[in-house]
Amino acid sequence: MQINRRGFFKVCAGGMAGTTLAALGFAPTEAMASVRQYKLLRAKETRNNCTYCSVGCGVLMYSLGDGAKNAKPAIYHIEGDPDHPVSRGSLCPKGAGLVDYIHSEGRLKHPEYRAPGSDKWQRISWDDAIDRIARLMKADRDANFERVNAKGTVVNRWLTTGMLCSSAASNETGILDQKFARSLGMIAIDCQARLCHGPTVAALAPTFGRGAMTNNWVDIKNANLIIVMGGNAAEAHPVGFKWAVEAKTHNDAKLIVVDPRFNRSAAVADLYAPIRAGSDAAFLLGIINYLITHDKIQHEYVKSYTSASLIVREDFGFDEGLFSGYNADARQYDKTSWNYELDANGFAKRDMTLTHPRCVWNLLKNHVARYTPEMVVSLCGTPAHHYEEICRSLAETSAPDKTATFMYALGWTHHTNGAQIIRAAAMIQLLLGNIGMAGGGVNALRGHSNIQGYTDLGLLSLNLPGYMPLPSEKQTDLKTYLKQITPDALLPDQVNYWKNTPKFFISMMKSFYGDHAQADNQWGYEWLPKWDRSYDVMMQTELMVEGKMHGYIVQGFNPLAAFSNKNKATEALSKLKYMVVIDPLATETSTFWQNHGEFNEVDSASIQTEVFRLPSSCFAEENGSIANSGRWLQWHWAAAEPPAEALHDGKILGKLLMRLRELYREEGGVCPEPLMNINWNYQDPEDPTPEEIARESNGMALADIYDDKGTLILKKGQQLADFSQLRDDGTTSSFCWIYAGSWTEKGNQMANRDNSDAGLGATPGWAWCWPQNRRILYNRASADLQGKPWDSKRKLLEWNGQKWQGIDVPDFAATVPPGKDTMPFIMLPEGVARLFSVDKLVDGPFPEHYEPIETPLDTNPLHPSVVSSPAARLFARDAKTMGKASDFPYVATTYSITELFRHWTKHARINAIIQPEQFVEIGENLAQSKGIKAGDEVKVSCQRGYIKAKAVVTKRIKTLTVAGKAIETVGIPCHWGFEGTTRKGFLANTLTPSVGDANSQTPEFKAFLVNVEKV
């Protein structure tokens, strides 16, 4: 019997689904040595996760290959995993095109080399590529390595070569990235988080204690009100957005969307409200003012669980757009006054009556009083009746038995005050009592599949794993470093869990340096590179342009397309001596030196950068774990080998590191100790396995471990059960303390696949969630001081007389009873959440509305003398590229569309067919004034350059009245470029300005000025 796949499913649909494959005729008719027809009988099913957004949808991959010698499996079909608790078998258009990505014509097959001044690639062997790269790196390192700084302090840093790390590779690859880079002394390392959710950590960690999504995707179904603002979940996270629809359908929830465009999320919303791009902080601060003036807050929650009662120092102040301590020449604040008034014991003073004029509550009331509905409507362009309805809807959730949730993404993070926008939303949720609650929270929708994991692993220039900071050159020894980063409690009887920092750090150092890390050498503290300033991607680009950075390793990243100001990025890459690109696909970055006409008009002969293009594996070809935005670490399995000569990222790094070590052993060189002492003791150092790395990430006992009572809890060599077993005496190792518990003596917890619902959609048996498999952070706050849940229908935890128990792991000391002064926010030294963020943000302890650097208003109605953020990252070179409204009168904002994911899916044929050609979106009024019709080609220009695209004329973008001025918005999707299967297009970042968020240096992509002309 011969039957094709469609025919097979027709037969099954006809009632024969239970019939065996053999009975259906799916048995081989003859043995053939040549290429065989696909046979379902031979198909192998492998579980994995989608490689695109942070929903982490489950996929089932079907491959063929009968196991015969030289027969390699090939993936021929991918579908959604119906068992997955979040996706339940669904895939969005991006996920539906995964097979096309795996088999894309853009997949790299062989190492390639581009010589200085050349206009073409030449094939090169792996051995030659690794040897040449290693020699270039060693030469640059030896010539520029800083053993000591000008003051004689040991800093052990190499600043002239940098590394960009992937956002879709596994955590296990990320661990190798971190070890590789730090062993060489690199500080200039970054990952995609710098360009997306950096402001999330900067905002949420100082507010709640951790910088991650507070709840999870499925929990959204428990909300009574869902605010989608600063994101477009239906477009960017379509499968995750089903839980918002579930809340509407089964929980009678109200869905509100606030966005510059009427988008796909708005299409199913109960209320859509337009907003001017760049005015989100004003919108949210106005809501805070509304809640306070209308007495719509959860008083008991606010008084007990927030910093409302704490008294701030007398010298703190705010006047005309500036907080106290501002230095205009340095464009930065002295934050000394942004702190609490302390008593003789070092604890913050409190006024539980909330009457003290300098208690946080009254300072907040005064700060937001300027954000009246009239002012907000004027600044944002939102219709007054819509704004009032949104305020009323949120106010209703101040009742203990109602919850609201915020869903946001890059629409908030991609601003010069992105961290403060997120802070404002977090403060709203605290006032309403919606943190720690089922159906509540501030849900940061991460963009890339494992950007949460790479953030957890500290792959940012000044970070270490588990959200510990890289030491600075001012922290000259381990004692000083630990004293400065380990907080003292700010209120009595608090958990203050960061007091355990020495245990986390020293266990990490044992993972970094193994037996080389000993007490008498400060656990290898000297070998870690010490920073003098941030070396984020904006700084890296600036240093390249200045000729101060010579080498770049680019892994799974496309900086030419992702950095702000593409033309500056081109100039920067052109001044490098060498660049190594590790990627499955042909990216614009790898061919930045090629002339592609208007799309990339460069002179190849004048570009002297040596470029290496190394083919790597993709998600479907590796084992490992990725962390979705809900903090779930999900293990996935490979269904095929990388194509042709492509290698796993870990194998590439392993080969390169081993070659560097070999060169230092044979030839000597500058400060080889950090490189030679890094713990790379894998079974095959050139090809570490994900499983052994994952065990290392979790951590193990290096000696027998006893508890306080002398009871043996771990034998030497056993895996840690959780991070409570970590020690600061060198007897435990753990690469990333928050991942302790992910691979225990019971096995790989990330591979768990029990999707049983424990209640409220909680599935604690599926995968593993940091920290300690806790699914909703701060869940102790879901109950009142007496331990009674605020809402019996949303009960997460309750006190049973001896301990806290419920459907989730308590985010609290399990045996501390209610009635004590110990409060729920255990990662903060106050024990309470911060309405006043003290000195943890560099641009102010309260949010404030500042205009984008390129403002359409040329002023700020709140404080005309301080128009834009006074602490935003802005280099003098970039300040000259900023445009004015007189020349560029329209506000532009970038966004993503469902069918494409950044610059990856344009390599997948089906996605390229669906969205083949670049377009921009303009409103009807602007189109009419410019004589532009749908389908016309238009030129969108700014001070930095221009792009051309087809015009989509739409009702979805309205003219807004802002401060009495008509404001038009231009929507710019960001997916096209000069590589891939789609038609060639312009990189959208040609238009975006080089200015960054003050806290995270994440660039502004969402509010800048352009002009539009018909071509």
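**Student:** Go over helix α22 (residues 649-667), please, and point to the residues and values.
**Tutor:** Between its first and last C-alpha atoms α22 spans 27 Å; for 19 residues at 1.5 Å apiece the expected length is 27 Å, and the two agree. Note on α22: the residue one or two positions beyond its end, G668, has a positive phi of about 75°.

**Student:** An account of the pattern of salt bridges is needed here, citing residue identities and associated values.
**Tutor:** Going through the model one piece at a time under the given rule, you end up with 51 salt bridges. Residues D839 and K840 are paired through a salt bridge, measuring 3.5 Å at the closest nitrogen-oxygen approach. Taking the shortest distance from any N to any O, the salt bridge between E924 and K955 comes out at 3.3 Å. With E924 in helix α27 (residues 924-930) and K955 in the loop between β38 (945-954) and β39 (960-962), this pair connects stretches of sequence that are 31 residues apart. According to the relative accessible area criterion, E924 is partly exposed, its value standing at 36%. According to the relative accessible area criterion, K955 is exposed, its value standing at 57%.

**Student:** I'd like a description of the side chain of T855, backed by residues and values.
**Tutor:** The residue T855 is located in the loop between β34 (804-806) and α25 (876-879) in this model. A distance of 2.6 Å separates polar atoms of two side chains, one belonging to T855 and the other to E851. Polar side-chain contacts of T855 include one of 3.0 Å to the backbone nitrogen of L857. Excluding residues within four positions of it along the chain, T855 makes contact with V867, A885 and L1009.

**Student:** So what's going on with the sheet that holds strand β36 (residues 919-923)? Residues and values would help.
**Tutor:** Reading around the circumference, β35-β41-β36-β38-β37-β42 is the order of the 6 strands in this closed barrel, with mixed pairing throughout. This sheet shows a mean twist of 45° between the axes of neighbouring strands, independent of strand direction. Of the strand pairs in this sheet, β36 and β38 are connected by 5 bridges, and their pairing is parallel. By the bridge assignment for β38, E921 is matched with V952.

**Student:** I'd like a description of the sheet that holds strand β25 (residues 632-636), backed by residues and values.
**Tutor:** Strand order in the open sheet formed by 3 strands is β24-β25-β32, with antiparallel pairing between adjacent strands. Only two strands of the sheet have a single neighbouring strand rather than two, namely β24 (624-627) and β32 (768-769). As defined by bridge partners, β24 adjoins β25 across 4 bridges and the pair is classed as antiparallel. Residue pairing across strands places A627 opposite L633, the latter belonging to β25. Seen against the sheet, helix α5 (residues 171-183) touches β24 and β25 and runs at an angle of roughly 90° to β24.

**Student:** Go over the pairing of strand β35 (residues 890-895) with me, naming the residues and quoting the values.
**Tutor:** Counting buried positions along β35 gives 6 out of 6 residues, so the element sits mostly inside the fold. Here β35 shows a buried face lined by Y890, A892 and T894 and a second buried face lined by V891, T893 and Y895. Where β35 meets strand β42 (residues 1008-1014), 3 bridges bridge the pair, whose relative direction is antiparallel. Note that in β42 the partner of V891 across the bridge is L1009. Pairing between β35 and strand β41 (residues 969-973): 5 bridges, direction parallel. Paired with T893 across the bridge in β41 is G971.

**Student:** Any details on the packing of helix α9 (residues 280-293) against helix α15 (residues 418-432)? Residues and values, ideally.
**Tutor:** One way to put it is that α9 packs onto α15 with a least axis distance of 9 Å and a crossing angle of 20°. In terms of orientation, α9 and α15 fall into the roughly parallel class. For α9 against α15, the interelement crossing comes out left-handed. Contacts between α9 and α15 involve D280, A281, L284, I287, I288 and L291 from the first element and I421, A424, A425, M427, I428, L431 and L432 from the second. Here the contact of α9 with α15 is composed, by residue class, of 12 nonpolar, no polar and 1 charged.

Cut-off values and rules
Residues numbered from 1 in each chain as written. Predicted model: local features only at pLDDT ≥ 70, side-chain atom pairs only at ≥ 80, totals over all residues. Heavy atoms only, no water. Helix = DSSP H or I, 4+ residues; strand = E, 2+ residues; numbered from the N terminus. Expected span 1.5 Å × (residues − 1). Salt bridge = Lys/Arg side-chain N within 4 Å of Asp/Glu carboxyl O. Buried < 20%, exposed > 50% of the residue type's maximum accessible area, 1.4 Å probe, protein only. Polar contact = N/O pair within 3.5 Å; in protein donor to acceptor, adjacent residues only side chain to side chain. Contact = heavy atoms within 4.5 Å. Pairing = 2+ DSSP bridges. Axes fitted to C-alpha atoms, helices over the stretch in contact; angles between N-to-C directions. Parallel < 35°, antiparallel > 145°, perpendicular 65-115°, else oblique. Left-handed = near helix turned anticlockwise from the far one by under 90°. Nonpolar A, V, L, I, M, F, W, Y, C, P; charged D, E, K, R; others polar.

Function cannot be inferred from these measures alone, as they are strictly geometric.
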